[in-house]
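Geometric and topological summary
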Amino acid sequence: MLTEGRFRTDAMPRSDRFAGWQQCMTDVVAPMEITSPHADDFWADHRLLRIEDTLLWPTRLHASRYRRTPRLIRQSDPGLLHMTLVLPGCGKMLVEQGGLRSAVEPHDLYVLDMSRPCDVRTDDEPIVGVGVDIPRSLLRLPMSTSLDHVLGRRLPGRHGFGALLTQFITQLADPSDVYGPADAPRLNRVLLDLAAGLLSRGLDRETALSPETRTRNLVLTIRSFIGGNLHDPRLTPAAVAAAHHMSTRHLHRLFRREGTTVAALIRSQRLDRARRDLADPALAHTPLHTIAARCGFGAPAHFSRVFRAAHGMSPSDYREVKLREGAEPVR
C-alpha cells in the first residue's frame, strides 16, 4: 500500500512544536534524544510516504541534533536501516556511528543502523533532505554481510548507484508524481534493489547481491544511461551495449525480459521528452527543430512522422492543443 501523511509545526501552538516533532520522530522511526537551538520556536515540514514496509519522508526543518543511545535502543529497536539523501539548502550533516565520522553535503547520502548508537546534527543551517527507513530483513544482502564500513560514511550521490538512487528517491518524493496502491510493490522492489546496490558498492561487495538483483540493477543503470543521452542521435542499441561493455545480443536478451526492446525504449523516451517540451509554456517559442534535436531526432521530418504515429497529430498541433488547454503538468 502507498499512503501519505503530513506533519507541520506551524499548525501547532508555538509551545508544543518541538515536543510535537520529537513525538513525530518517535512514531516514524524510533525514540531519539533530539535537541535544537530553536526549540523555543521550532519549525518542521514533514511528509510521510509508506511504500509497503518502507518509509520515505521528505523533510525541511530547523537545525537540530539526533542521538540514539544504548538506553533508547534497549527501549525500542525497530530493526531499521535509515538512509538520508541530503538536498540543496541543507547545511553539512555531521554523522557519526561506530567510530566513523563524516560530513555529508547536499546531493550525497548516508546510512545508519538504528539498532546501534548514532549521532546526527547540523549546527546552524536547516536540515533539508529525504529520509528512507528500510527494515534490515528486507534488504537482499546475505545475513553475514557486515555494513560496518558503510555506516556513518558519506556515500556519493552524483554517480553510480548513488545517482540512480538519488534520482529515484527524488522522483518518489515529488508531490506532482502521483502513484497508486497498485504501484507500491514495484516501487518498493526498485527502491530495495537500488539500496542494496549502493550498499554493496560501498562495501565493494557487489557479488553479494543475488543474480536477480544484479540483473535488475544493470537494467536500471542502462535505463538511466539512455535517459541521460537522449539528445545524442548516435544513441543506438550498439552504442548502449558498448558503453556497458557487453554484446548487443546480451543487451537485447536483458530487455526481452522487460517486455521491450532497446530501440523501442529509446524511441519512447525521446517521444516522452518531446511531449513534455511541447507542453511546456516556457518553451512555447522554441522552434520545433530545436526540440527535435535536443530529443535526439536527427531530422525534423522524421520527428514529425514518428510523433504523429505515436500521438495522432503533428508536433505543432500537439503543442497548440496542450498550451491552450494547460492540461498537462510540466515536470
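All values reported here derive from a predicted model rather than from experimental measurement.

1. Some thoughts on the overall build of the protein chain
When its secondary structure is counted, the protein chain shows 11 helices and 11 strands. Oriented by its inertia axes, the alpha-carbon framework of the protein chain measures out at about 70 × 50 × 35 Å. Considering the protein chain as a whole, with its 331 residues, one finds that 46% of them fall into the buried category. Taking the intrachain contacts of the protein chain between residues at least 6 apart in sequence as the baseline, contacts between residues at least 24 apart amount to 72%. As displayed, the protein chain offers around 16400 Å² of accessible surface, 51% of which is attributable to carbon and sulfur atoms. Each charge sign in the protein chain was given a centre, from 45 positive and 37 negative side chains, and these centres are 7 Å apart.

2. Side note on the pairing of strand β3 (residues 44-51)
Counting buried positions over the eight residues of β3 gives seven, a clear majority of the element. The pairing of β3 with strand β4 (residues 54-61) spans six bridges and is classified as antiparallel. Across the sheet, the residue bridging to Leu 49 is Leu 56, located in β4. Taking the residues between adjacent antiparallel strands as the criterion, β3 and β4 are bridged by two residues, where Glu 52 takes a positive phi near 55°.

3. Thoughts on the sheet that holds strand β10 (residues 118-121)
Judged by pairing direction, the sheet is antiparallel, and its five strands sit side by side in the order β2-β5-β10-β7-β8 without closing on themselves. For this open sheet the edge positions go to β2 (33-35) and β8 (100-104), each flanked by a neighbour on one side alone. Averaged over neighbouring strand pairs, the angle between their axes works out to 10° when direction is ignored. As paired elements, strand β7 (residues 93-97) and β8 share five bridges and run antiparallel to each other. Among the inter-strand pairings, Glu 96 is bridged to a residue of β8, identified as Arg 101. The sheet contacts of helix α1 (residues 17-28) involve β2 and β5 (65-68), and relative to β2 the element is tilted by about 145°.

4. Comments concerning the nonpolar core
Among the nonpolar cores identified, the biggest contains 33 residues, and Leu 56, Leu 109, Val 111, Leu 165 and Ile 169 are the most heavily contacted of them. Residue assignment for this core shows that the elements contributing at least two residues are β3, β6 (80-86), β9 (109-113), β11 (127-135), α3 (160-173) and α4 (184-202). With 10 residues, α4 is the largest single contributor of residues to this core. Core analysis: the second largest hydrophobic core is formed by 30 residues, Cys 24, Leu 48, Leu 55 and Val 104 among them.

5. Side note on unusual backbone geometry
Positive phi values are uncommon outside glycine, yet Glu 52 reaches one of about 55°. Along the polypeptide, Glu 52 turns up in the loop between β3 and β4. Backbone geometry at His 107 places phi at a positive 80°, although glycine is not the residue there. For His 107, the location among the structural elements is in the loop between β8 and β9. Using a relative accessible area of 28% as the deciding quantity, one classes His 107 as partly exposed.

6. What to know about the packing of aromatic side chains
Scanning the entire structure with this criterion turns up six aromatic pairs. Summarising the aromatic geometry, the rings of Phe 7 and Trp 21 are spaced 5.9 Å apart at their centres and angled 45° between planes, so their arrangement reads as tilted. Of this pair, Phe 7 sits in strand β1 (residues 2-8) while Trp 21 sits in helix α1, and the two are 14 residues apart along the sequence. Judged by centre distance (5.2 Å) and plane angle (75°), the rings of Phe 307 and Tyr 318 are edge-to-face. Of this pair, Phe 307 sits in helix α10 (residues 300-311) while Tyr 318 sits in helix α11 (residues 315-325); the two residues are 11 residues apart in sequence, bridging distant segments of the chain. A residue is classified by how much of its surface remains accessible, and Phe 307, at 0% relative accessible area, is buried.

7. Some remarks on the environment of His 62
Of note, His 62 is situated in the loop between β4 and β5. Taking the C-alpha atoms as reference points, His 62 and Asp 41, 21 residues apart in sequence, are found 9.4 Å from one another. Setting aside residues up to four positions removed in sequence, His 62 forms contacts with Ser 36, His 38, Asp 41, Phe 42, Trp 43, Pro 126 and Ile 127.

8. Some words on α11
Those residues of α11 not exposed but buried are Pro 315, Tyr 318 and Arg 319. Considered in projection along α11, the buried side chains sweep an arc of 100° and stay on one side of the axis. Those residues of α11 that are buried are in contact with α8 (262-278), α9 (288-294) and α10.

9. Details of the packing of helix α5 (residues 211-228) against α8
One way to put it is that α5 packs onto α8 with a least axis distance of 10 Å and a crossing angle of 45°. In terms of orientation, α5 and α8 fall into the oblique class. The interaxial crossing formed by α5 with α8 has right-handed handedness. When α5 is examined against α8, the residues Arg 223, Ile 226 and Gly 227 are found in contact with a partner set consisting of Val 262, Leu 265, Ile 266, Gln 269 and Arg 273.

10. Re the side chain of Asp 113
In this fold, Asp 113 is placed in strand β9. Side-chain polar atoms of Asp 113 contact the backbone nitrogen of Ser 115, separated by 2.9 Å. Ignoring anything within four residues of it in the chain, the contact list for Asp 113 reads Leu 80, Leu 81, Gln 97 and Leu 151.

Conventions we followed
Residues numbered from 1 in each chain as written. Predicted model: local features only at pLDDT ≥ 70, side-chain atom pairs only at ≥ 80, totals over all residues. Heavy atoms only, no water. Helix = DSSP H or I, 4+ residues; strand = E, 2+ residues; numbered from the N terminus. Buried < 20%, exposed > 50% of the residue type's maximum accessible area, 1.4 Å probe, protein only. Contact = heavy atoms within 4.5 Å. Areas by Shrake-Rupley, 256 points an atom, 1.4 Å probe, with all protein chains shown as cover. Lys, Arg positive; Asp, Glu negative; His and termini not counted. Charge placed at Lys NZ, Arg CZ, Asp CG, Glu CD. Pairing = 2+ DSSP bridges. Axes fitted to C-alpha atoms, helices over the stretch in contact; angles between N-to-C directions. Core = buried A, V, L, I, M, F, W, Y, C linked by side-chain atoms within 4.5 Å. Phe/Tyr/Trp six-rings, centres within 6.5 Å; stacked < 30°, edge-to-face > 60°. Arc of directions from axis to C-beta. Parallel < 35°, antiparallel > 145°, perpendicular 65-115°, else oblique. Left-handed = near helix turned anticlockwise from the far one by under 90°. Polar contact = N/O pair within 3.5 Å; in protein donor to acceptor, adjacent residues only side chain to side chain.

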